[in-house]
Amino acid sequence: MNDLLYKSFMTVVLSTWNHVVRKPYHVAAFMAVWYYIELLYMMNIAIFFYPPMLISLIGIILGIGLSIHILKLYIGNTINVTIHVFVMDVHIAYSAGLTIAAVLSGATWYAVLIVIVRDIIAVIELLLVYTMTKEE
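Here is what the cut-offs are and how they apply
- Residues numbered from 1 in each chain as written.
- Predicted model: local features only at pLDDT ≥ 70, side-chain atom pairs only at ≥ 80, totals over all residues.
- Heavy atoms only, no water.
- 1 Å grid on protein atoms, 1.4 Å probe; cavity = no way out; pocket = protein on both sides within 12 Å on 5 of 7 lines; lining within 4 Å.
- Points joined across faces, edges and corners; volume = space filled by probe spheres on them.
- Helix = DSSP H or I, 4+ residues; strand = E, 2+ residues; numbered from the N terminus.
- Nonpolar A, V, L, I, M, F, W, Y, C, P; charged D, E, K, R; others polar.
- Buried < 20%, exposed > 50% of the residue type's maximum accessible area, 1.4 Å probe, protein only.
- Contact = heavy atoms within 4.5 Å.
- Core = buried A, V, L, I, M, F, W, Y, C linked by side-chain atoms within 4.5 Å.
- Polar contact = N/O pair within 3.5 Å; in protein donor to acceptor, adjacent residues only side chain to side chain.
- Expected span 1.5 Å × (residues − 1).
- Axes fitted to C-alpha atoms, helices over the stretch in contact; angles between N-to-C directions.
- Parallel < 35°, antiparallel > 145°, perpendicular 65-115°, else oblique.
- Left-handed = near helix turned anticlockwise from the far one by under 90°.

1. Concerning the layout of surface pockets
If you add up the space inside the largest pocket, you get close to 410 Å³. Those elements giving two or more residues to the lining of the largest pocket turn out to be helix 3 (34-46), helix 4 (52-75) and helix 5 (78-105). Grouping the amino acids of the lining of the largest pocket by side-chain chemistry returns 13 nonpolar, 3 polar and 1 charged. If you add up the space inside the second largest pocket, you get close to 290 Å³. Counting only elements with at least two residues in the lining of the second largest pocket, the list comes to helix 3, helix 5 and helix 6 (109-132). With 6 residues, the single largest contributor to the lining of the second largest pocket is helix 3. The class makeup of the residues in the lining of the second largest pocket is 12 nonpolar, 2 polar and 2 charged.

Following this line, the structure appears as structure tokens:
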């Protein structure tokens, strides 16, 4: 019985991995939903420097643009895949910088929790960048 469970589990895992390798932009589209949270985080910071109405307008425009980008990314539009590889690369560097800043500043548990989630997303993005660019 255990052998059958192991074989079926491995079949599902290998099937999923095969799909991820063939179409990594599907996984990237689901991971891009995190950018809405990053957008809200940056809006909270920018609200101290710019008028709230301007920040709200920019946030709405960027949110709509991100929604369109995620849909086109899931479809597999070449331009959006290329743009998203660049965005993931920038987000990986941004996450590494914020992790170092959080460690050195002695952040609160809430900030550390956000940093840990951001680092998990960055590691997955690193694997996606490798998978999406291995042919070039």
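2. A word on the environment of A102
Residue position: A102 is located in helix 5. Take A102: its relative accessible area is 14%, and that puts it in the buried class. Put simply, A102 and I61 are 41 residues apart on the chain and 30 Å apart in space, counted from C-alpha to C-alpha. If sequence neighbours within four positions are ignored, A102 has contacts with A107 and V115.

3. Observations regarding the nonpolar core
Among the nonpolar cores identified, the biggest contains 19 residues, and A28, Y35, L73, M88, L128 and M132 are the most heavily contacted of them. Per-element accounting of this core gives the leading share, 5 residues, to helix 6. In this view, Y35 contacts L66, H84, V87, M88, H91 and E125; residues no more than four positions away in its chain are not counted.

4. Comments concerning helix 2 (residues 24-31)
Taken across its 8 residues, helix 2 has 6 buried, putting it largely inside the fold. All buried positions along helix 2 are accounted for by P24, Y25, H26, A28, A29 and M31.

5. Side note on the side chain of R118
Inspection of the secondary structure assignment puts R118 in helix 6. By relative accessible area, which is 3% here, R118 ends up buried. In this structure the side chain of R118 is engaged in a polar contact, spanning 2.7 Å, whose partner is the side chain of E38. Contacts of R118, omitting those with residues within four sequence positions, involve W34, E38, Y41, H91, Y94, S95 and L98.

6. Here we look at helix 5
Taking 1.5 Å per residue as the helical rise, helix 5 with its 28 residues ought to reach 40 Å, and the 40 Å between its terminal C-alpha atoms agrees with that figure. Along helix 5, the residues that are buried comprise N80, V81, H84, V85, M88, H91, I92, S95, T99 and A102. Considering only its buried residues, helix 5 is in contact with helix 2, helix 3, helix 4 and helix 6. Residue G106 follows helix 5 closely and has a positive phi angle near 70°.

7. Here we look at the packing of helix 4 against helix 5
In contact at an axis separation of 8 Å, helix 4 and helix 5 are set at 115° when each is read in the N-to-C sense. Taken together, the axis directions place helix 4 and helix 5 in an arrangement best described as roughly perpendicular. Considering only the axes of helix 4 and helix 5, their crossing is left-handed. Along the contact surface, helix 4 presents H69, K72 and L73, while helix 5 presents N80, V81, I83 and H84.

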